[in-house]
2 protein chains.
Amino acid sequence: MNPICPIPIQKYPHILLSHGGGGKMMSQLIQEMFISAFDNPLLKQGHDSALIDLPQNRIALTTDSYVINPLFFPGGDIASLAIYGTVNDLAMAGARPLYLSVGFILEEGLCMETLWNLILSMREAAERCQVKIVTGDTKVVNRGKGDGIYINTSGVGLLETKHSICPQSIQEGDVILLSGDLGRHGVAVMAFREGLEFETKLQSDLAPLHDLVKCLMDSGVVIHCMRDLTRGGLGSALIELAETSKFFFEIEEKSIPLCEDVEAACEILGLDPLFVANEGRFVLFVSPQDQEKALNILRSHPLGENAVKIGEVKSQLIAPVILKSKIGVARILDFISGEQLPRIC
Amino acid sequence: MNPICPIPIQKYPHILLSHGGGGKMMSQLIQEMFISAFDNPLLKQGHDSALIDLPQNRIALTTDSYVINPLFFPGGDIASLAIYGTVNDLAMAGARPLYLSVGFILEEGLCMETLWNLILSMREAAERCQVKIVTGDTKVVNRGKGDGIYINTSGVGLLETKHSICPQSIQEGDVILLSGDLGRHGVAVMAFREGLEFETKLQSDLAPLHDLVKCLMDSGVVIHCMRDLTRGGLGSALIELAETSKFFFEIEEKSIPLCEDVEAACEILGLDPLFVANEGRFVLFVSPQDQEKALNILRSHPLGENAVKIGEVKSQLIAPVILKSKIGVARILDFISGEQLPRIC
């Protein structure tokens with residue numbers, strides 16, 4: 001491997017907030033620095049969980065650090081997010097979430113009561129998902145070298161299907177389904193942070209998706225790929241999946257559901273809801289013959305009641321993801337360079 | 001579960017650096033808050049790795065966050081430490097380390113070149129241990145909310161022996177072996193941080209222990225328990241293991257090897273070398289009949305050449321760990337309350 005730093009140091013001498021934003025700069029950092037350096041077929045799967053063959057069993061392994069600010073937000077907190085986020089990454093691989101590790105990085109001066117409330121929230125979230133926290137680690141850093149608490153959760157899930165649910169299983173002709181309306185998490189956190197108020201009380205869509213995924217899989221729907229729409233939102237997820245799968249996606253913008261508050265907030269704040277973070281929404285790729293069955297199952301579950309078909313997988317288009325806008329114009333969907341809302345997860 | 005915070009908030013309203021120090025306060029935080037809240041048999045194993053039964057395979061799962069300051073120190077850096085530390089936690093459970101996840105928390109403003117050098121070091125360390133980094137996560141926090149870089153690594157290893165290598169397998173009469181001299185990591189980092197100089201260039205003992213453990217296991221030595229001597233050093237490890245196993249350990253202080261530089265530095269700085277961190281040393285518990293074989297194997301490996309027997313497991317003593325000092329006096333070994341050296345790992 002070439003030992004020269006693959007990101008031009010003169011242009012980017014330092015890490016910027018946008019290197020963590022789920023956009024182009026983060027993608028470049030991960031692809032050119034991490035994946036090229038740690039090169040191996042499992043890492044290259046380009047999936048939120050690695051799918052691992054043990055001698056007899058197949059497992060998924062995933063990790064996420066949570067640095068959201070503020071620690072408590074409408075609809076959740078950093079601790080429940082750390083459980084649901086990692087459970088969702090396992091669920092998106094079609095794995096049954098089983099075991100979690102938790103690593104706390106505590107800042108000197110964190111209120112003991114805050115920590116205890118977060119632990120109680122974490123416990124409740126883990127119980128809801130029927131996952132066990134089986135190992136952990138605690139570090140304390142000096143005051144001013146953290147931000148209250150950062151949490152890493154890693155998760156192990158059991159893969160029970162024969163076929164892999166991953167970007168490489170996407171096929172030409174697949175329909176692309178979306179489990180619900182977009183942008184609630186990002187807008188709720190942003191509004192809370194900035195002291196904005198809406199007529200209705202907008203809450204994060206934070207939720208564990210394992211049960212909904214189980215309903216889909218138990219029904220016999222053959223899921224080719226799933227992806228939860230966290231940092232970077234639907235837009236970034238689609239671009240990443242198109243690039244990894246080497247296919248092209250055509251998306252109908254008018255089919256994408258948005259609630260009124262999110263739409264209004266995005267207009268006022270100049271945000272593109274396609275790139276706003278969610279914590280309880282996902283896309284899935286299935287064959288056209290499974291479309292109706294999948295939509296019925298999604299819509300009969302509380303976490304998928306607004307599910308819709310948003311697009312199709314094509315073998316050839318002028319760009320990885322084409323968005324057919326409401327007025328009929330096609331535009332190329334591209335990563336935003338940085339992030340609209342830093343530290344959203 | 002009682003929802004009242006189990007640590008008295010009036011006495012400890014805030015997290016202190018000593019809550020991360022590997023001593024009594026950290027033990028209390030983990031036992032009373034984390035383990036009681038997340039209660040389950042796997043977590044209660046009180047081991048650095050959780051031993052997990054899948055339908056056919058048995059795996060170990062471990063996690064550690066690394067917050068060491070400075071990022072580069074004599075004998076290593078935070079990235080190689082993040083690989084070896086987690087590999088060692090798996091090895092201590094008798095697992096073959098296979099797969100790692102990596103979670104980066106980068107501070108806005110971190111030098112890109114520093115990050116690249118750490119990635120190269122991490123790659124080299126992973127290759128040396130023949131482990132694959134299969135999944136990862138990157139977050140960026142605002143300037144002043146981190147300290148350059150924090151790294152979490154979680155690891156999965158395969159358990160191939162029938163018996164469990166864990167504190168619960170310690171037996172009365174077991175001999176306690178130590179793989180080498182103590183305190184090099186803590187003293188090297190401390191000296192570097194404070195600008196102290198020694199006649200010889202003291203380096204951290206940072207090293208991956210998986211190969212040495214493999215040699216022991218391949219030889220047929222039946223290892224009852226192992227523990228690497230990181231934060232809190234030999235002293236804290238022995239107290240924790242005695243408490244978890246419900247046995248008592250009698251340790252001969254004069255048998256514990258120390259190199260001259262560490263002994264001198266500890267005298268000058270007022271440190272107790274028994275509680276100084278190591279990153280390439282461990283204790284192991286075996287039956288008396290395996291003692292000679294185990295010591296021979298340890299001593300024929302570069303990472304165990306100074307291995308010695310330091311004590312025995314008893315059914316009854318006046319305290320969990322008794323240290324018979326060089327002048328023949330017995331003293332009760334107790335956790336130090338906080339930490340001698342913060343952010344050592």
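Model, not experiment: these values are computed from the prediction.

Calculation criteria
- Residues numbered from 1 in each chain as written.
- Chains lettered and ligands numbered in written order.
- Predicted model: local features only at pLDDT ≥ 70, side-chain atom pairs only at ≥ 80, totals over all residues.
- Heavy atoms only, no water.
- Pairing = 2+ DSSP bridges.
- Helix = DSSP H or I, 4+ residues; strand = E, 2+ residues; numbered from the N terminus.
- Axes fitted to C-alpha atoms, helices over the stretch in contact; angles between N-to-C directions.
- Contact = heavy atoms within 4.5 Å.
- Least-squares fit on C-alpha atoms with pLDDT ≥ 70 in both.
- Domains from an automatic or database assignment.
- Buried area = accessible area lost by both parts, 1.4 Å probe.
- Salt bridge = Lys/Arg side-chain N within 4 Å of Asp/Glu carboxyl O.
- Polar contact = N/O pair within 3.5 Å; in protein donor to acceptor, adjacent residues only side chain to side chain.
- Nonpolar A, V, L, I, M, F, W, Y, C, P; charged D, E, K, R; others polar.
- Left-handed = near helix turned anticlockwise from the far one by under 90°.
- Phe/Tyr/Trp six-rings, centres within 6.5 Å; stacked < 30°, edge-to-face > 60°.
- Buried < 20%, exposed > 50% of the residue type's maximum accessible area, 1.4 Å probe, protein only.

**Some thoughts on the sheet that holds strand β11 (residues 282-286) of chain A**
Residues and elements named next belong to chain A. In space, the seven strands of this open sheet follow the order β9-β11-β8-β12-β10-β13-β14, with mixed pairing throughout. At either end of the open sheet lies a strand with only one pairing partner, and these are β9 (223-228) and β14 (330-332). Looking at each pair of strands side by side, their axes are set apart by 25° on average, direction ignored. Docked against the sheet, helix α8 (residues 291-299) engages β8 (175-178), β11 and β12 (308-314), running at close to 5° with respect to β8.

**Notes on the relation of the copies chain B and chain A**
For these two chains of identical sequence, chain B goes onto chain A by a turn of 180° and a shift of 0.0 Å along the axis, with RMSD 0.0 Å. The transformation relating the two chain copies, once decomposed into turn and shift, fits a two-fold axis.

**Observations regarding the domain arrangement of chain A**
All names here are of chain A. As assigned here, chain A comprises domain 1 (40-159) and domain 2 (167-332). Relative to domain 2, the C-alpha centre of domain 1 lies at a distance of 23 Å. Across the contact, 26 residues belong to domain 1 and 24 residues belong to domain 2. Overall, the association of domain 1 and domain 2 removes approximately 2100 Å² of surface from exposure, summing both partners, and the carbon and sulfur fraction of that is 63%. Area buried by domain 1 at its contact with domain 2 is led by Pro 74, Asn 88 and Met 92, which between them contribute 29% of it. Counting the contacts that link domain 1 with domain 2 gives one salt bridge. Between Arg 227 and Asp 48 there is a salt bridge, and its shortest N-O distance comes to 3.8 Å. The interface formed by domain 1 and domain 2 includes seven residue pairs in polar contact (both at pLDDT 80 or more). Listed by contribution, the elements that provide at least two residues to the side of domain 1 that touches domain 2 are β3 (72-73), α2 (78-92) and α3 (112-129). Considering only residue class, the side of domain 1 that touches domain 2 consists of twelve nonpolar, ten polar and four charged.

**Topic: the interface of chain B and chain A**
Between chain B and chain A, the residue contacts involve 89 residues of the former and 89 residues of the latter. Buried area between chain B and chain A, both sides added, is near 7600 Å², and the carbon and sulfur share of it is 69%. Summed over the three residues of chain B that lose the most area to chain A, namely Ile 15, Met 112 and Trp 116 of chain B, the buried surface amounts to 11% of that side. At the boundary of chain B with chain A, the tally comes to six salt bridges. Residue Asp 64 of chain B is joined to Lys 139 of chain A by a salt bridge in which the shortest nitrogen-to-oxygen separation is 3.3 Å. Viewed at the interface, chain A and chain B are joined by 32 residue pairs in polar contact (both at pLDDT 80 or more). Ranked by residues supplied to the side of chain B that touches chain A, first place goes to strand β6 (residues 132-141) of chain B with ten residues. Residues of the side of chain B that touches chain A, tallied by class, amount to 50 nonpolar, 24 polar and 15 charged.

**Observations regarding the packing of helix α6 (residues 210-218) of chain B against helix α9 (residues 291-299) of chain B**
Residues and elements named next belong to chain B. In the contact formed by α6 and α9, the axes pass within 10 Å of each other and the chain directions differ by 145°. Both α6 and α9 take part in a crossing whose hand is right-handed. For the pair formed by α6 and α9, the contact residues are Leu 212, Cys 215 and Leu 216 on the first element and Ala 294, Ile 297 and Leu 298 on the second.

**Here we look at the sheet that holds strand β13 (residues 321-324) of chain B**
Strands belonging to one sheet form pairs held by backbone hydrogen bonds; the direction of such a pair is parallel or antiparallel. All names here are of chain B. Strand order in the open sheet made by the seven strands is β9-β11-β8-β12-β10-β13-β14, with mixed pairing throughout. Strand pairing shows two members of the sheet lacking a second neighbour, β9 (223-228) and β14 (330-332), which therefore form its edges. Each neighbouring strand pair of the sheet contributes to a mean axis angle of 25°, computed without reference to strand direction. Sheet strands touched by helix α7 (residues 233-245): β8 (175-178), β9, β10 (248-252), β11 (282-286), β12 (308-314) and β13. Its angle to β10, the strand with the most contacts, is close to 155°.

**Overview of the packing of aromatic side chains**
Enumeration according to the criterion identifies four aromatic pairs over all chains in this entry. Their ring planes at 15° and their centres at 4.5 Å tell us that Phe 34 of chain A and Phe 104 of chain B sit as a pair that is stacked. Here the residue Phe 34 of chain A occupies a position in helix α1 (residues 24-37), and Phe 104 of chain B occupies one in strand β5 (residues 95-107), the pair thus bridging two chains. Each ring, one from Phe 249 of chain B and one from Phe 285 of chain B, has its centre 5.1 Å from the other, and the planes form 50°; the classification is tilted. Here the residue Phe 249 of chain B occupies a position in strand β10, and Phe 285 of chain B occupies one in strand β11, the gap between them amounting to 36 residues. With respect to burial, Phe 249 of chain B and Phe 285 of chain B carry one shared label: buried.

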